[in-house]
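Per-entry structural report
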Amino acid sequence: MAPAPRIAKPGVTQLASLVSAPVGAVYLHAHRAWTLRSWDRFVIPNPSPASPSGWTVPVIAERQAVQSALDRATTLAESHKP
């Protein structure tokens, strides 16, 4: 079974803990993009000035905090659908 896209994986928090770094999530909602036929449906945006983007506040590397930041970024990106 392939890992689900847009779900924070444990490796993110493990690596951040090892190097004592905070973790944040970034989003870019491209109005036009190429979607690859891969397990995660990777998206290559066709950038334009009208593409909304943003980021979450970096959080301490705890699994729940990282997942919450990623969920917030996903919600923000999805709220900008045309």
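Residues numbered from 1 in each chain as written. Predicted model: local features only at pLDDT ≥ 70, side-chain atom pairs only at ≥ 80, totals over all residues. Heavy atoms only, no water.

This part covers the overall build of the protein chain. A count of helical and extended segments in the protein chain gives 2 helices and 4 strands. When the 82 residues of the protein chain are sorted by exposure, 23% land in the buried category. Counting only contacts in the protein chain whose residues sit at least 6 apart along the sequence, the fraction spanning at least 24 positions is 63%. Approximately 6,200 Å² of the protein chain is accessible, and the part contributed by carbon and sulfur atoms is 62%. (Helix = DSSP H or I, 4+ residues; strand = E, 2+ residues; numbered from the N terminus. Buried < 20%, exposed > 50% of the residue type's maximum accessible area, 1.4 Å probe, protein only. Contact = heavy atoms within 4.5 Å. Areas by Shrake-Rupley, 256 points an atom, 1.4 Å probe, with all protein chains shown as cover.)

Before going further, it helps to spend a moment on helix H2 (residues 63-78). Taking 1.5 Å of rise per residue, 16 residues should cover 22 Å, and H2 covers 22 Å from first to last C-alpha, within 8% of that figure. Residues of H2 that are buried include every one of Val66, Gln67, Ala69, Ala73, Thr74 and Ala77, and no others. The arc that holds the buried residues of H2, viewed along the axis, is 160°, so those residues lie on one side. With respect to the buried face of H2, the exposed residues turned more than 90 degrees away are Gln64, Arg72 and Thr75. (Expected span 1.5 Å × (residues − 1). Arc of directions from axis to C-beta.)

Moving on: the environment of Ser17. Within the secondary structure, Ser17 is located in helix H1 (residues 10-18). Between the C-alpha atom of Ser17 and that of Ile60, which follows or precedes it by 43 residues, the distance is 8.3 Å.

Here the phi dihedral of Ser20 falls at roughly 55°; this positive angle occurs in a residue that is not glycine. By the secondary structure assignment, Ser20 is in the loop between H1 and strand S1 (26-28). By relative accessible area, Ser20 is classed as exposed at 67%. Look at Arg41: it is not a glycine, yet its phi comes out positive at around 50°. Along the polypeptide, Arg41 turns up in the loop between strand S2 (33-35) and strand S3 (43-45). Residue Arg41 is classed as exposed on the basis of its relative accessible area of 55%.

Residues Trp34, Leu36, Phe42 and Ile44 make up a contiguous nonpolar surface patch of roughly 400 Å² in combined accessible area. By the secondary structure assignment, Phe42 is in the loop between S2 and S3. Note on Phe42: relative accessible area 46%, which makes it partly exposed. (Patch = residues over 30% accessible without salt bridge, like charges linked within 9 Å, V, L, I, M, F, W, Y side chains within 5 Å. Salt bridge = Lys/Arg side-chain N within 4 Å of Asp/Glu carboxyl O.)

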